[in-house]
Amino acid sequence: MRYIGSKNSLLGFIENVVAEQCPGSRSFVDLFSGTAVVGRRFKEWGFEVTSNDLLRFSYAIARAVIQNNSAPRFEGLPIGKCENPLAATIKRLNALPPELGFVTRHYAPGNGAERTYLTPENAGRIDAIRIAIEGWRASGLVTDDEFFVLLAALLDATPSVSNIAGTYGAYLKFWEPRSAKRLTLVPPPLLVSPGNHRALNVDANAVVGGLECDILYLDPPYNERQYATNYHLLETIARWDAPELRGVTGLPARPEARSRYCSRSEAAAALADVVCRAPAKHILLSYNSEGLVPHDAILAILEQRGRPLVFERDYRRFRSDADRPNRAYKANTVAERLYLVHT
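Just so you know, these numbers come straight off a predicted model, no measurement behind them.

Topic: the overall build of the protein
Then comes step 1: Within the protein one finds twelve helices and nine strands.
Then comes step 2: For a compact globule of 343 residues, the expected C-alpha radius of gyration is about 20 Å, and the protein comes in at 21 Å, within 12% of that figure.
Then comes step 3: A principal-axis box enclosing the C-alpha atoms of the protein has dimensions of 60 × 50 × 30 Å.
Then comes step 4: Sequence separation of 24 or more characterises 74% of the internal contacts of the protein that already satisfy a separation of 6 or more.
Then comes step 5: Positive and negative charge centroids in the protein, built from 41 and 37 side chains respectively, lie 3 Å apart.

Details of the pattern of salt bridges
It is possible for side chains bearing opposite charge to pair when their charged atoms get close.
Then comes step 1: Applying the stated criterion to the full structure yields 17 salt bridges.
Then comes step 2: Of the charged contacts, one joins D241 and R254 as a salt bridge, the two residues approaching to 2.9 Å between their closest N and O atoms. Linking D241 in the loop between helix 10 (232-239) and strand 5 (245-246) with R254 in the loop between strand 6 (251-252) and helix 11 (267-277), this pair joins segments that are 13 residues apart in sequence.
Then comes step 3: By relative accessible area, which is 35% here, D241 ends up partly exposed.
Then comes step 4: Where salt bridges share partners, they join E15, R40, R41 and E44 into one cluster.

Describing the environment of G39
Then comes step 1: As for its placement among the helices and strands, G39 is situated in helix 2 (residues 37-44).
Then comes step 2: Taking relative accessible area as the criterion, G39 reaches 0% and is therefore assigned buried.
Then comes step 3: C-alpha of G39 to C-alpha of L190: the two residues are 151 residues apart in sequence and 13 Å apart in space.
Then comes step 4: In this structure G39 touches D30, V49 and I66, once residues within four positions along its chain are discounted.

Some thoughts on the nonpolar core
Then comes step 1: One finds L31, F57, L155, L185, L216, L218 and L284 to be the most contacted residues of the largest nonpolar core, which totals 108 residues.
Then comes step 2: At ten residues, the largest contribution of residues to this core is made by helix 7 (residues 144-157).
Then comes step 3: When neighbours within four sequence positions are excluded, L185 is seen to be in contact with I90, L93, N94, I129, L150, A153, L154 and A157.

Observations regarding the confidence of the model for the protein
Then comes step 1: When the pLDDT values of the protein are averaged, the result is 93; 95% of them are 70 or greater.
Then comes step 2: Segment residues 320-330 is flagged for pLDDT under 50; beyond a separation of four residues in sequence, or across chains, it makes 15 contacts in the model.

A few points about the packing of aromatic side chains
Then comes step 1: Summed over all chains, the structure comprises 15 aromatic pairs.
Then comes step 2: Relative to F47, the ring of F28 lies with its centre 6.2 Å away and its plane at 75 degrees, an arrangement referred to as edge-to-face. Note that F28 is positioned in strand 1 (residues 27-30) and F47 in the loop between helix 2 and strand 2 (48-52), a separation of 19 residues in sequence. As far as the burial class goes, F28 and F47 line up, both buried.
Then comes step 3: Plain terms: the ring middles of W45 and F47 are 5.6 Å apart, the flat faces sit at 50 degrees to each other, and that makes the pair tilted.
Then comes step 4: Each residue in the set F28, F42, W45, F47 and Y217 is aromatic and connected to the rest through ring pairs, giving one cluster.
Then comes step 5: Cation over ring: R137 sits above F147, and NZ or CZ is 4.2 Å from the ring centre.

Things to note about helix 4 (residues 85-94)
Since the α-helix packs 3.6 residues into each turn, any two residues three or four apart lie on the same face.
Then comes step 1: Those residues of helix 4 lying buried are P85, L86, T89, I90, L93 and N94.
Then comes step 2: For helix 4, the elements touching its buried residues are helix 6 (120-138) and helix 7.

Side note on unusual backbone geometry
Then comes step 1: Despite not being glycine, F74 has its phi angle at roughly 50 degrees, a positive value.
Then comes step 2: In this structure, F74 sits in the loop between helix 3 (56-67) and helix 4.
Then comes step 3: Phi at A242 is positive, roughly 50 degrees, even though this residue is not glycine.
Then comes step 4: As for its placement among the helices and strands, A242 is situated in the loop between helix 10 and strand 5.

A few points about the packing of helix 3 against helix 7
Then comes step 1: Across the interface, helix 3 lies against helix 7 with an axial gap of 8 Å and an inter-helix angle of 120 degrees. By the angle between their axes, helix 3 is oblique relative to helix 7. Regarding helix 3 and helix 7, the two cross each other, and that crossing is left-handed. The segment helix 3 lies against helix 7, with F57, Y59, A60, I61, R63 and A64 engaging D144, D145, F148, V149, L151, A152 and L155.
Then comes step 2: When the residues that make up the contact of helix 3 with helix 7 are grouped by side-chain class, the tally is ten nonpolar, no polar and three charged.

Each value, and the rule that gives it
- Residues numbered from 1 in each chain as written.
- Predicted model: local features only at pLDDT ≥ 70, side-chain atom pairs only at ≥ 80, totals over all residues.
- Heavy atoms only, no water.
- Helix = DSSP H or I, 4+ residues; strand = E, 2+ residues; numbered from the N terminus.
- Rg over C-alpha atoms; globule rule 2.2 N^0.38 Å.
- Contact = heavy atoms within 4.5 Å.
- Lys, Arg positive; Asp, Glu negative; His and termini not counted.
- Charge placed at Lys NZ, Arg CZ, Asp CG, Glu CD.
- Salt bridge = Lys/Arg side-chain N within 4 Å of Asp/Glu carboxyl O.
- Buried < 20%, exposed > 50% of the residue type's maximum accessible area, 1.4 Å probe, protein only.
- Core = buried A, V, L, I, M, F, W, Y, C linked by side-chain atoms within 4.5 Å.
- pLDDT = per-residue confidence, 0-100.
- Phe/Tyr/Trp six-rings, centres within 6.5 Å; stacked < 30°, edge-to-face > 60°.
- Lys NZ or Arg CZ within 6 Å of the ring centre and 35° of its normal.
- Axes fitted to C-alpha atoms, helices over the stretch in contact; angles between N-to-C directions.
- Parallel < 35°, antiparallel > 145°, perpendicular 65-115°, else oblique.
- Left-handed = near helix turned anticlockwise from the far one by under 90°.
- Nonpolar A, V, L, I, M, F, W, Y, C, P; charged D, E, K, R; others polar.

See the structure below:
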């Protein structure tokens, strides 16, 4: 999944800093988990991981790949005996015919809204799959862990057929070739690992004081683009709450999902609050060189807990409209900084 600020290409950089600077650490809290790529890597590495994010779709992914610690069996579904119950259940969902539901009515053309986020066929498949797994959960046919594994598969598949430039802030007025592909779920990358792994869905500043750990990893939003807006369709699929929509692009009003870290006037104070109250042995902060909180301000915040170390790596800029031709761009690389404080 393409995601603003994704650390997928920086995992080795983060691992190396932790290996060199935090030996003997065993517990890892990922306070702004996004698509959980960092938490999953540290789970693979043998850490006991707690993953948190304010957005429901991020939580759903973390429930599947972080908290879930076993292969789902789907004993409540009539799939018969098979070697791979997850693959069999995914196959069953992929075979469902499209249904006319909330996504089709509001995010595909032909039913009044005329928004072109998705083709009617793929929107109908999303509705059919989401209706099915919600019904299975309500009827007790699947466990909560099984439900979130299936929901994570749906969330991961949706962007690959969405008619967008990279985020859901707007839809394209012409159909990109990828949008014509058939929505197809694949099993998410599950991992069995020792330890008590957890996924949380709460405000970072509200929960940080109770998260004692060896390493607290902070990867907050760094610019003014609200994630709840940029990924609103995934958030709606995760919540399945039929929100009231506004404007041409169909944005739901979700003020509770807005982040202080996306506000130029609030970001520094929010970061300082987390840093000062964190009961962690090591605080590791990822932040972009173009972020709202300046480098010197970050150093001043971290110095309240110890002497900060700074590590820097250049990487490719996130470009949500990278597929558009004939556009002028700023320099294509930015610096990702890792700030580390031993408290």
